[in-house]
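Tertiary structure, described
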Amino acid sequence: MPLKITETEVKAYLEKNPDFFHNHLELLESLSVPHPSGPAVSLVTKQLEIYRAKHQKVEGQFIELIDIAKENDLTAQRMHELTLAILDSQTLDDLLDNLNEVFANCFLSDFFTLKIFNEQEHDIQSPANLFINRGSKQALAFKEVLSLNQPQCGKPPINQARILFAENALQIKSCAIIPMNFTGLEGIIAIGSREKERYKMDMGHLFLTQISEIIATQLITCLTKTHGTHSS
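Residues numbered from 1 in each chain as written. Predicted model: local features only at pLDDT ≥ 70, side-chain atom pairs only at ≥ 80, totals over all residues. Heavy atoms only, no water.

Each helix and strand counted, the protein has eight helices and seven strands in total. Every one of the 232 residues in the protein was classed for burial, and the buried ones make up 33%. Put simply, 54% of the contacts in the protein that link residues at least 6 apart link residues at least 24 apart. For the protein, the accessible area works out to roughly 15200 Å², and carbon and sulfur atoms hold 56% of it. (Helix = DSSP H or I, 4+ residues; strand = E, 2+ residues; numbered from the N terminus. Buried < 20%, exposed > 50% of the residue type's maximum accessible area, 1.4 Å probe, protein only. Contact = heavy atoms within 4.5 Å. Areas by Shrake-Rupley, 256 points an atom, 1.4 Å probe, with all protein chains shown as cover.)

See below:
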């Protein structure tokens, strides 16, 4: 009576002898495997399909890595332009003008605004709508953002949008609200877009936080020159 070989034994043998079909190429053409979309196909055809699928997956991953690298290069270039624009600012007015220009031309943002929370009114030479009294209802609208001390992305609540972007509030479909809480300086940086997907809730915060720190550093210098102190 001939020995009956089980499927498990065949599988184990082939796993231990992966070169088996190298010495029995004729079997590859005669063997067939089920195909989910129709009749059985030869083992060679099935292997080609598997290799092709693996190749496409690797190629897709490679393209994704290239896209990420390109985006990182673009972000680094934008951060460089932002740093140069900030360093070139000698006064508060210079800084605000340069920030508006670099966010419009380099970051391709539709709207940019900056707000500083303070405890007293500033003189008439201060740029309009820059300061918000720390005890006001406007400042209270950003209490949670400041306490979390993390950028908030997505569509902003309408009350925040109106405080930040005034008459342009209804045009804001997505926004990055970046808290400034840096050596006594407290405020908000906001970058708005007409595109719903431009600033998504799950986007990374690293570069947004760096933007806040870079701007706040120069703001302190400019405010000190203008008002003698940045914490008043």
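Of all the nine residues making up strand β7 (residues 185-193), eight are buried; the element is thus mostly covered by neighbouring parts of the structure. Pairing between strand β3 (residues 111-118) and β7: six bridges, direction antiparallel. If you follow Leu114 over to β7, its bridge partner there is Ile189. Across nine bridges, the pairing between strand β6 (residues 174-182) and β7 is antiparallel. Bridging across to β7, Pro179 finds its partner in Ile188. Count of turn residues in the β6/β7 antiparallel hairpin: two residues, of which Thr183 carries a positive phi of about 45 degrees. (Pairing = 2+ DSSP bridges.)

So, about the sheet that holds strand β5 (residues 152-154). As summarised here, the arrangement of the five strands in space is β4-β3-β7-β6-β5, forming an open sheet in which the pairing is mixed. Both edges of this open sheet fall to β4 (131-133) and β5, since each of them pairs with a single strand only. Across the sheet, the axes of successive neighbouring strands diverge by a mean angle of 20 degrees, strand direction being ignored. Here β3 runs beside β4; their pairing, made up of three bridges, is parallel. Paired with Phe117 across the bridge in β4 is Ile132. Here helix α4 (residues 92-105) sits on the sheet and contacts β3 and β7; the angle it forms with β3, its principal contact strand, is near 145 degrees. (Axes fitted to C-alpha atoms, helices over the stretch in contact; angles between N-to-C directions.)

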